[in-house]
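In case you want the letters, here they are:
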Amino acid sequence: MTTMQTFAVRRRDPELVTPAAPTPRETKRLSDHDTLRYQVPNAFYYRGRRRRRDDDEDPAGVIRRALGEALVPYYPLAGRLREVEARKLVVDCTGEGVLFVEADADVRLAELEEAAGGLAVPADELLFDVEGSSGILNCPLLLIQVTRLLCGGFVFALRINHVICDASGIGQFISAVAELARGLPSPTVAPAWSRKLLEARSPPRPSFAHREYDAAPLPPPAPPGRMVSRSFTFTRADIAAIKAALPTDLRDRTTAFEALAAAVWRAHAAAHDFPADDEVRLVFVANFRHVRELGLPAGYYGNACVLMMAVTTAGALRAGELAGAVELVREAKAALTAEYVRSTADFLVLHGQPCVALAANLLYLSDTRHAGFHHVDFGWGEPVYGGAAHMPPGVSVINAVRNGDGEDELVVPLVMPRPAMDRFTSEIEMLLKGGSGSNQALNTSV
């Protein structure tokens, strides 16, 4: 692993891309699950290759055009968020557009790949923070930068206001842009609004405690300046090795997510060396589009996820077998029902839309494997990496990627103090060695 020197990026002035055709001028109410008031950066890296269509070889121009076309059916994304009574959010569908930046960088994809550790954390230069664009209210909902590289590849980076959609919604919109860029006449999935289906009950009556929003008694995060970033790549063989540490009856019932989440959580607790009596938590995001009782239509691109929590003490998690952690994750997942979803909306309304308070002994995990990020093809093939572009300490994602041999892998980026990162790496390597007799498949990069 080498440290890459700063590279030059030449950007054109930011511009607003508006819908390519007239769109309704109206106000649309968001649901009571659309409460995540922060920006989410993602990045997609593409190798230099010839576009399958011969009419345009410039990715910035192709994507700009397709973006305007996609904003016609997805016209709320071209509007602005407003706040009304009781902190309720609405979209003012003004058609003002989304921010777009075209750029060229004096760097090759291979250099970025080597320096960024599997490309999970890109350089800031590839997603320029346009002045006045990072707010939640009265700002563009989407910022996109397309950066051409010396090798002929390019980077498609975006930052989206999480209030308007979750990872699946983001993936659906980007896939629509990609389809239009490839020449399809319209997106294959028609967008559906239907936010009223996820309104809180009147009066709100939460039926669960929702301790995932309870900040006490968690200690504060580690001081800034001590953190390092590292990405961990898990192959199919690695997942099998993790499952091999489980009893046979549990192994057959455990999904890849459950096994990996439990392993990462357990290693995270061991790495930080919390006192044995301290409470440790795993909070993970669960998509509920499949819960039929809720009646969400295909193409729903709002926030359709809730937070689930597994909790125990640091001593019990470290000393126990991996199977115990897996059972805690499975038990938390089993709580996902239509009533749990409705209870969450009620709780959020009653408590002023709280967010999870990040802390040293909490790991917040999101699974984006099914968001379709690794299949986004603007006409130059699928990305080398597509997914989260930056993770704060205590937050991670499970991203699906495909390596150079066409094999599916999972990438988990983490940010921790260096001593904890070293211990985490050792914990994971020991687990893989114990399950498969070899730890050579684990790829870690700073």
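Quick notes on the rules
Residues numbered from 1 in each chain as written. Predicted model: local features only at pLDDT ≥ 70, side-chain atom pairs only at ≥ 80, totals over all residues. Heavy atoms only, no water. UniProt positions renumbered as here; feature names shortened; annotations may be inferred. Helix = DSSP H or I, 4+ residues; strand = E, 2+ residues; numbered from the N terminus. Contact = heavy atoms within 4.5 Å. 1 Å grid on protein atoms, 1.4 Å probe; cavity = no way out; pocket = protein on both sides within 12 Å on 5 of 7 lines; lining within 4 Å. Points joined across faces, edges and corners; volume = space filled by probe spheres on them. Nonpolar A, V, L, I, M, F, W, Y, C, P; charged D, E, K, R; others polar. Salt bridge = Lys/Arg side-chain N within 4 Å of Asp/Glu carboxyl O. Buried < 20%, exposed > 50% of the residue type's maximum accessible area, 1.4 Å probe, protein only.

- UniProt, in the comment section headed Sequence similarities (unreviewed entry), describes the protein in these words: "Belongs to the plant acyltransferase family."

**Description of the environment of tyrosine 300**
In step 1: Tracing the sequence through the fold places tyrosine 300 in the loop between strand 11 (279–287) and strand 12 (305–313).
In step 2: Along the sequence, tyrosine 300 and tryptophan 193 sit 107 residues apart, while their C-alpha atoms lie 6.0 Å from each other.
In step 3: If we skip the residues at most four places from it in the chain, tyrosine 300 touches Ser31, Gln172, Ala192, Trp193, Ser194, Arg195, Leu198 and Arg289.

**Some details on empty space enclosed by the protein**
In step 1: Per the stated rule, a full pass over the model turns up one cavity of 30 Å³ or more.
In step 2: Looking at the largest cavity, its volume works out to about 40 Å³.
In step 3: Leu30, Ser31, Asp32, Asp34, Thr35, Arg87, Lys88, Leu89 and Gln353 are the residues that line the largest cavity.
In step 4: A per-class count over the lining of the largest cavity returns two nonpolar, three polar and four charged.

**A closer look at the pattern of salt bridges**
In step 1: Counted under the stated rule, the structure contains 29 salt bridges.
In step 2: With its nearest N and O atoms 2.9 Å apart, the salt bridge here joins arginine 148 to glutamate 102. Taken together, the residues span a long stretch of sequence, with arginine 148 in strand 8 (residues 142–148) and glutamate 102 in strand 7 (residues 98–105) at a distance of 46 residues.
In step 3: For arginine 148, a relative accessible area of 18% gives the class buried.
In step 4: The class for glutamate 102 is buried, based on a relative accessible area of 5%.
In step 5: In the salt-bridge network here, residues are joined through shared partners; they are Arg12, Glu15, Asp58, Arg64, Glu102, Asp104 and Arg148.

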